[in-house]
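Take a look at the letters that make up each chain.
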Amino acid sequence: MKKIVIALDSFKGCLTSAEAGEAAAQGVHAACPERRTIVLPVADGGEGMLDVLLAASNGKRITVRAHDPLMQPCDASYGISGDGNTAFVEMAAISGLPLVPMEQRNPMLTTTFGTGELIKDALNKGCRNFIIGIGGSATNDAGLGMLQALGFRFLDKSGHTLGTGGQIMEAVANIDTSGIHPALRETHFMVACDVANPFYGPDGAAYIFAQQKGADSNMVQRLDEGMQSLAEVIKKTTGKDITNYPGAGAAGGMGGGLLAFFNAELKPGTELLLKAIDFSEKIKGADLIITGEGKADRQTAMGKVPYRILKEAQKEHIPVIVLAGSIENLPELNKAGFKGIFSIAPGPITLEEAMEPEFAKENITRLVSQLYSVITSFG
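Overview of the structure. (Residues numbered from 1 in each chain as written. Predicted model: local features only at pLDDT ≥ 70, side-chain atom pairs only at ≥ 80, totals over all residues. Heavy atoms only, no water.)

**Side note on helix H11 (residues 305–315)**
Here is step 1: For H11, the complete set of buried residues consists of Val305, Pro306, Ile309, Leu310 and Ala313. Down the axis, H11 shows its buried residues gathered within 135 degrees of arc, on one side only.
Here is step 2: Buried positions along H11 lie against strand S1 (3–8), helix H9 (269–276), helix H10 (279–282), strand S11 (288–296), strand S12 (320–327) and helix H12 (330–336).
Here is step 3: Two residues or fewer after H11 comes His317, characterised by a positive phi angle close to 60 degrees. (Buried < 20%, exposed > 50% of the residue type's maximum accessible area, 1.4 Å probe, protein only. Helix = DSSP H or I, 4+ residues; strand = E, 2+ residues; numbered from the N terminus. Arc of directions from axis to C-beta. Contact = heavy atoms within 4.5 Å.)

**Here's the deal with the packing of H9 against H11**
Here is step 1: Contact geometry for H9 and H11: axes closest at 9 Å, N-to-C directions at 55 degrees. In this view, H9 runs oblique relative to H11, as classed from their interaxial angle. As for the relative orientation of H9 and H11, their crossing is right-handed in sense. For the pair formed by H9 and H11, the contact residues are Thr270, Glu271 and Leu274 on the first element and Val305, Arg308, Ile309 and Glu312 on the second.
Here is step 2: When the residues that make up the contact of H9 with H11 are grouped by side-chain class, the tally is three nonpolar, one polar and three charged. (Axes fitted to C-alpha atoms, helices over the stretch in contact; angles between N-to-C directions. Parallel < 35°, antiparallel > 145°, perpendicular 65-115°, else oblique. Left-handed = near helix turned anticlockwise from the far one by under 90°. Nonpolar A, V, L, I, M, F, W, Y, C, P; charged D, E, K, R; others polar.)

**Remarks on the nonpolar core**
Here is step 1: Within the largest apolar cluster, 63 residues are counted, with the highest numbers of intra-cluster contacts made by Phe130, Ile134, Phe152, Leu258 and Phe262.
Here is step 2: Counting residues in each nonpolar core, the second largest holds 36 residues, with Ile38, Leu273, Ile283 and Ile289 among its members. (Core = buried A, V, L, I, M, F, W, Y, C linked by side-chain atoms within 4.5 Å.)

**Here we look at the pairing of strand S6 (residues 129–133)**
Here is step 1: Burial runs high along S6: four of the five residues are buried.
Here is step 2: Strand direction decides the pairing type here: strand S5 (residues 86–90) and S6, joined by five bridges, are parallel. Bridge pairing in S6 links Phe88 to Ile131.
Here is step 3: Two elements, S6 and strand S9 (residues 188–192), share five bridges in a ladder whose sense is parallel. Counted as the bridge partner of Ile131 is Met190 from S9. (Pairing = 2+ DSSP bridges.)

Here you go:
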């Protein structure tokens, strides 16, 4: 074997993609010091997206003061590519559910205003291309807070400016765009979005996701009705009907807001990330790809990172093996086309032991070293 590509997703709560990848590379080199390995950090558009894009673009992390979902000031980070043209924003960094204490979670009140502040800061620094991950939000305001931070005004029937949160959607009668950030007219947005839910309705943002963000049944109904009303106002203002667009309901309707006002492109997170790091070119000529994640199961074969990598590898006829902390539904994973699925666990251990970072690294290194030795012994 002349070239091995290592592209492991993060082992969530344990190792980053880069940490897991370096541990696997050490395993290859332990068995064959001169073997060439290429470690490509990967992610699905959620947790870890920023780190992957910064590494791939030789970019830098920017920390700013912005507002969390309850409009409390806090520090949050986003990234700018090495050439200064592209900003990388993880919505969850400033508008994420973990930022809101359990007892204060209420999507009638939470806002995406902070996400807009990160975008505004990047616009002011000259970025005109954006890659935005919209997973993990605490909000159901259709991105109105984000738009407010960028100069949009949402008015009720009396012409009064509305406040923030999902509660304002039902009251929006007109949208004033006269004060929006001027750079938005020349800016392109790519959105990492891994759900296909419509804007509203039984499969829409409110009915599918709002309860986990703190909504009770009455709130869910009000939010859904608010989104129906808002969709009509958006159509009247922009000419765009976002109602049934796949992904418009993502992140509490943030997908729809980005579509309607920024002509954003919504792409599956892993697909977008692999394209951003030029994955298809970097794997050419590889003899083997090692991928993996914390838990390999039925969902892995339905489009998660390892499966997307497998599809790219198959175009080049490169075999792919999977490493995972735990494995379920092995027959389905085998049917997907992976050449092997292996658990890094050395034996019966507790979850706490398995998720100890140094222990996990050692297990990855050990397993990869053994696998490489076995593979190469057959020529």
